[in-house]
Amino acid sequence: MGKGYLIVEGHGDGRAALNLVHRAWANLGLSPVLWDNTPIRGVGLHTRPGVMRACELLRARPQCERALLLRDEDDLCPKERGPETAAWVKELKLPFPVAVVLPHREFETWFLPCVHQMAGRPLVSGPIERPGLQEGTSFSGDVESIRGVKEWLSKHFAGGKAYKPTLDQLPMTQMLDLPTLRAANVPSFGTFERSLRFLSTAGPGEVYPPPRPFAG
């Protein structure tokens, strides 16, 4: 049976991104798909060679039916870098569709519209329970304008604790309220949901977003 594969980069918990894929896929009402339980951790996904290596790993897996490449785009523009990365993927003529999503500025940016719902709740991941955000924590403004969202979260953690992606990213992702996040109109999250719709119907070799070379 074919599978979908998730490619990630960085020091966070790949399970968090996979959890969001599962939940958003179901929330959008898309036809059920089996996603591999182990995200592929790519290296240098902001570069053409890094993207090529990750995609060739998937080409070697005959059960791969679709793939989502997800990496942070810290300071550059996803509207430019997303299509550029898609153009690199398109060159490979893969036998399955691929979508590219670049959270701006980082995966944790998508937490900000929902922090008021997370405030005061502990973060539980298996046997580990940690203090979460302080009571009364909220955020207003343009979430994608904030540099250092991890540091912002740390400043608002209870008990003098700091946000740790490897411990806290998954339970905070599990707390995300998708309708609230969707209503916040965060551009990169909109791209994420469009990419899932694309992957639910796209055929071999198709790529999202529409690829084009970076002109900068």
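So, the sheet that holds strand β7 (residues 207–208)
Step number 1: If you trace the 5 strands from one edge of the open sheet to the other, you get β2-β1-β3-β4-β7, paired in parallel fashion. Each having just a single partner strand, β2 (40–41) and β7 make up the two edges of the open sheet.
Step number 2: The sheet contact formed by strand β1 (residues 3–8) and strand β3 (residues 64–70) spans 6 bridges and is parallel. Across the sheet, the residue bridging to isoleucine 7 is leucine 69, located in β3.
Step number 3: Packed on one face of the sheet, helix α1 (residues 14–27) meets β1, β2 and β3 and runs near 135 degrees to β1.

What about helix α6 (residues 165–175)?
Step number 1: Among the 11 residues in α6, 8 count as buried, and that is most of the element.
Step number 2: Within α6, the full set of buried residues consists of Pro165, Asp168, Gln169, Leu170, Pro171, Met172, Thr173 and Met175.
Step number 3: Contacts made by the buried residues of α6 are with α1, α4 (115–118), β5 (123–125), β6 (128–130) and α5 (149–155).

Let's talk about the nonpolar core
Step number 1: Grouped together as the largest cluster of nonpolar side chains are 45 residues, with contacts concentrated most on Leu68, Trp110, Leu153, Met172, Phe192 and Leu196.
Step number 2: Ranked by residue count, the leading element in this core is α1, at 7 residues.
Step number 3: Discounting residues that sit within four places of it in the chain, leucine 196 has contacts with Val21, Ala24, Trp25, Leu28, Leu30 and Leu68.
Step number 4: Tyr5, Ile7, Met52 and Leu58 belong to the second-largest nonpolar core, a separate cluster that totals 22 residues.

With respect to α1
Step number 1: Over its 14 residues, α1 runs 20 Å from end to end, which matches the ideal 20 Å to within 8%, given 1.5 Å per residue.
Step number 2: When α1 is considered as a whole, its buried residues turn out to be Gly14, Ala16, Ala17, Leu18, Asn19, Leu20, Val21, Ala24 and Trp25.
Step number 3: Just past α1, the residue glycine 29 takes up positive phi, approximately 75 degrees.

Analysis parameters
Residues numbered from 1 in each chain as written. Predicted model: local features only at pLDDT ≥ 70, side-chain atom pairs only at ≥ 80, totals over all residues. Heavy atoms only, no water. Pairing = 2+ DSSP bridges. Helix = DSSP H or I, 4+ residues; strand = E, 2+ residues; numbered from the N terminus. Contact = heavy atoms within 4.5 Å. Axes fitted to C-alpha atoms, helices over the stretch in contact; angles between N-to-C directions. Buried < 20%, exposed > 50% of the residue type's maximum accessible area, 1.4 Å probe, protein only. Core = buried A, V, L, I, M, F, W, Y, C linked by side-chain atoms within 4.5 Å. Expected span 1.5 Å × (residues − 1).

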